Amino acid sequence: MAPRKAASTKTTAKKPAVKAKTKTKTTKTKSTGKKAGKSTKAAAKSSQKYYYFFGDGKAEGKAEMKDLLGGKGANLAEMTNTGIPVPPGFTITTDACKAFYEHGMETPKAIDQELETYVSMIEKSTGAKLGDPKSPLLVSVRSGAKFSMPGMMDTVLNLGLNEETVQGLAEKTSNLRLALDNYRRFISMFGDVVLGIDKELFESEIAKRKKEKRIKQDSSLQPNDLNEIVKKFKRIVKRKTGEDFPDDPWQQLRLARDAVFRSWNNPRAISYRRMANIPSEIGTAVNIQAMVFGNMGNTSATGVGFTRNPSNGDKEFYGEYLVNAQGEDVVAGIRTPQPISELGKEMPKVFKQLKTITTRLEKHYRDIQDFEFTVQEEKLYMLQTRNGKRTVQAAIKIAVDMVKEKLISREEALLRIEPQLLNNLLHPSIDPKAKFDVITKGLAASPGAASGIVYFTAEDAVKAGKKKNVILVRDETNPDDIEGMAAAVGILTARGGMTSHAAVVARGMGKCCVSGAESIRVNLSKKQFHVGRLIIKEGEVITLNGTTGDVILGEVPTIEPEMSHEFAEFMSWADEIRTLGVRTNADTPKDAIKAIKFGAEGIGLCRTEHMFFAEDRIPFVQRMIVADSAEERQEALDKLQTFQRKDFKEIFNAMQGMPVTIRTLDPPLHEFLPRREDVQEELDNLDKDTDSYEGEVDRLERTLKRIDELHEINPMLGHRGCRLGVMYPEITEMQTRAIIQAACDLAKDKKKIFPEIMIPLVGHVNEFKNQKEVVERVANEIIAKSKAKKLEYKVGTMIEIPRAALTADEIAEHADFFSFGTNDLTQMAMGFSRDDAGKFLSYYVENGILPEDPFVSLDQAGVGQLVEMGRTKGKQVRPDLKVGICGEHGGDPASIDFCHRIGLDYVSCSPFRVPIARLAAAHATLRNAPAKKTKKK
């Protein structure tokens with residue numbers, strides 16, 4: 001039975017003429033769930049301030065007001081207050097957005113009434129007036145949440161145009177083409193954002209006109225072309241909405257404002273918030289600002305840039321611009337922009353001023369700045385600044401460099417990098433020894449290399465990405481592609497620059513991306529692209545090199561990344577600050593060496609069963625399991641002991657004197673046997689004429705019998721872990737012998753070895769005492785006979801059964817250490833089967849039943865209490881008890897913070913998550929440090 005879907009909210013606003021619609025249904029989140037009532041009325045009647053003006057060198061807001069003004073509004077206010085040229089405007093607060101949703105997705109009248117007052121402030125500042133046929137004011141209406149969400153919400157530009165004001169603008173600027181160009185842009189953007197009309201309908205009309213005129217650039221369209229396009233755009237609106245395009249600028253403004261508020265809950269914004277862990281209840285502000293025009297001819301331009309290179313962190317002025325264009329032309333990839341250095345040749349005075357302002361902004365905010373600007377007839381205006389999105393490679397270099405430049409402290413540098421982002425450092429690169437065929441080249445928009453199967457739509461990428469590596473290929477991406485981009489391992493676009501949507505989002509996600517590969521032609525209807533005569537169809541494999549911009553035919557081998565010297569320095573700062581130890585989960589010498597490279601301080605979990613599944617060992621494991629006598633079982637165990645001794649010796653050697661925690665056999669024995677149906681099929685197909693027939697029949701029938709005997713209804717709660725060792729002590733004996741003999745072999749060579757033997761799935765103290773006696777008897781006997789008489793070892797247990805946590809004081813009397821196996825502990829405490837919970841856990845998280853998947857991030861309120869209780873009880877009995885965790889939670893930053901707060905000694909995680917754990921442990925130390933007392937004056 002399929003789960004019921006949550007009802008979507010209506011998006012049609014009640015307006016006198018044109019109805020505002022959205023193309024997609026909005027989704028209710030926490031911020032939309034309240035009904036209009038007393039609280040809304042009280043808010044509307046109160047003297048609460050919902051509008052903040054900025055302009056003429058003064059602003060009512062400031063940088064610290066991001067909660068209320070959003071990042072964009074707060075930074076516009078800050079820039080204005082510091083004397084930077086910013087077009088005048090005002091910000092409608094996030095509180096107004098909340099009131100909008102509480103009021104049934106309408107702006108309360110008391111808030112709406114103030115709109116005209118603040119528009120008049122812009123009018124006073126500019127000398128233009130909204131709707132004035134002779135001197136019309138045009139405005140932009142933009143979103144702006146506290147946290148940057150590039151491209152996820154909606155924007156409307158050139159608002160205020162109609163049949164009268166377009167003529168007024170033409171006369172005022174002596175530029176009919178400018179006026180008509182802005183008008184067609186406004187109708188298409190308003191139609192898309194506010195009225196919910198597919199923007200491709202508008203784009204296709206422009207494409208047709210350019211084809212008829214045999215021109216390539218929008219800027220080549222003449223006034224008569226634009227006039228015809230405007231008429232066709234209006235006919236599209238009439239056909240799709242049943243009503244004329246709204247001519248009243250005030251109606252346009254109110255509809256656009258509400259559309260931006262609604263866009264807070266469009267599907268792409270919800271997806272982005274979920275992926276970026278941005279709270280749904282904070283809402284967005286709306287910024288209404290006087291338009292300045294970068295499309296007034298060759299003395300005008302628009303661009304975006306960064307104060308440092310956001311891909312590699314180099315301290316260089318980085319960005320792009322277009323002459324005679326508006327801002328969306330740059331980010332949408334409609335035209336391929338020029339490097340910002342070229343602006344220095346075309347407009348040297350503007351370029352010098354821009355560099356001066358942006359350098360000042362970086363020093364003011366003490367971080368890399370992502371800025372937008374427009375040049376209107378050689379006059380520079382700053383439209384936005386914000387802390388720039390950057391790759392994690394760049395983020396680390398910038399943080400280290402800024403510490404050296406004395407802009408920030410080491411502690412600030414560490415806190416600027418979210419631990420989870422270090423995943424993105426581990427991108428592979430193209431193997432330099434590999435031979436490959438580069439079919440075209442684009443811009444190196446986001447580093448890394450990836451091979452995958454080509455898909456052309458976000459929907460197809462999401463479906464295919466669940467089972468295989470996918471490369472998403474688009475003319476250009478747009479915010480609606482967010483889920484497909486998340487599902488893909490790489491992104492290729494035919495258009496767009498280094499600051500296009502594809503480039504910015506890919507860098508934020510840590511995906512490799514090649515943008516602006518202009519030689520490719522994407523045919524969406526046929527699901528193929530071609531480069532010259534070469535055709536690549538959906539389902540074929542390509543490789544992207546996001547570091548060089550190469551697009552390569554077929555799959556290419558890759559190599560693991562090398563860490564930069566800035567990374568090593570940065571991580572050394574983390575190690576100096578953190579108090580929590582970081583070990584790794586490793587079952588092979590290769591994994592152990594990799595973990596050391598990433599900074600592991602030992603092995604917190606070595607799973608011996610993984611060694612048993614090797615092709616040369618599994619037959620002996622199966623012989624052990626089907627053995628009818630102790631002698632037969634011991635024969636198989638002796639063979640396995642030889643393998644295990646060699647394994648442990650290699651791992652001890654790799655760990656270079658660090659502690660190695662080895663877990664004795666944990667899974668139920670049936671997991672090592674073949675499937676019953678496979679054995680039966682082999683038995684049925686035996687050749688009766690062979691000499692070995694009778695022996696094979698006997699072997700297979702014994703196997704079938706043993707499979708039936710070992711069958712369990714719920715094997716995860718069945719005969720596994722220490723229960724195997726209790727029933728078959730010879731298994732524990734064999735593993736102990738292999739561990740201690742391997743340690744003695746190396747100790748003879750004066751190598752420091754620290755074996756820790758861990759008994760799994762203990763629920764009762766007597767189980768542990770039973771297994772500890774076996775381990776100590778065998779280990780002490782071997783050490784006594786060896787030349788390594790000073791070899792020390794520890795015996796501890798894995799706390800993964802709730803009862804063990806509840807009785808940890810009893811177990812601690814006999815155990816040298818505890819390691820919480822939080823995977824199984826979560827399973828047993830929450831009653832969730834790890835194998836089956838996937839059927840409903842994603843639904844639980846998406847619908848707010850659970851805040852997060854408890855197998856990904858520790859359930860601190862429930863399972864966490866068991867961990868804290870076990871730690872407290874154990875330490876009360878044995879203060880020197882070593883306590884850590886070794887489940888997947890050992891690499892989760894939120895879980896690591898919890899482990900720090902409750903006083904664990906270490907966490908253990910997979911090798912590739914070791915850097916994440918090291919940085920997360922440093923964050924935990926810094927964020928949980930007691931506040932410094934200030935001296936009283």
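Residues numbered from 1 in each chain as written. Predicted model: local features only at pLDDT ≥ 70, side-chain atom pairs only at ≥ 80, totals over all residues. Heavy atoms only, no water.

Caption draft 1: Region of interest: the sheet that holds strand S14 (residues 443–446). If you trace the 8 strands from one edge of the open sheet to the other, you get S13-S23-S22-S15-S16-S17-S18-S14, paired in mixed fashion. Among the strands making up the open sheet, the edge pair consists of strand S13 (437–441) and S14. Going across the sheet, the axis of each strand differs from the next one's by a mean of 35°, ignoring polarity. Two elements, strand S22 (residues 541–545) and strand S23 (residues 550–553), share 4 bridges in a ladder whose sense is antiparallel. Within the sheet, the bridge partner assigned to Leu-544 lies in S23 and is Val-551. Here helix H17 (residues 458–465) sits on the sheet in contact with strand S15 (449–455) and strand S16 (470–474), set at roughly 175° to S16. (Pairing = 2+ DSSP bridges. Helix = DSSP H or I, 4+ residues; strand = E, 2+ residues; numbered from the N terminus. Axes fitted to C-alpha atoms, helices over the stretch in contact; angles between N-to-C directions. Contact = heavy atoms within 4.5 Å.)

Caption draft 2: Looking closely at the side chain of Glu-372. By secondary structure assignment, the location of Glu-372 is in strand S10 (residues 369–376). Its relative accessible area of 18% is what places Glu-372 among the buried residues. In contact with Glu-372, not counting residues within four places along its chain, are Arg-142, Gly-303, Val-304, Tyr-381, Met-382, Leu-383 and Gln-384. (Buried < 20%, exposed > 50% of the residue type's maximum accessible area, 1.4 Å probe, protein only.)

Caption draft 3: View of the sheet that holds strand S25 (residues 581–585). Spatial ordering of the closed barrel is given by S25-S26-S27-S28-S29-S30-S31-S32, a layout of 8 strands whose pairing is parallel. Each neighbouring strand pair of the sheet contributes to a mean axis angle of 25°, computed without reference to strand direction. Sheet topology places strand S31 (residues 882–885) next to strand S32 (residues 906–909); 2 bridges connect them, and they run parallel. Directly across from Ile-885, in S32, lies its bridge partner Val-907. Sheet strands touched by helix H29 (residues 765–785): strand S28 (754–759) and strand S29 (794–799). Its angle to S29, the strand with the most contacts, is close to 150°. The strands touched by helix H36 (residues 914–927) within the sheet are S25 and S32, with S25 carrying the most contacts at an inclination of about 160°.

Caption draft 4: Summary view of helix H6 (residues 163–173). Here H6 has its buried residues at Thr-165, Val-166, Gly-168, Leu-169 and Ala-170. Buried residues in H6 make contact with helix H7 (176–193). Near the N-terminus of H6, the side chain that reaches the backbone nitrogen of Glu-164, with its oxygen 3.0 Å away, is that of Asn-162. Backbone geometry just downstream of H6 places Ser-174 in the positive-phi region, at approximately 55°. (Polar contact = N/O pair within 3.5 Å; in protein donor to acceptor, adjacent residues only side chain to side chain.)

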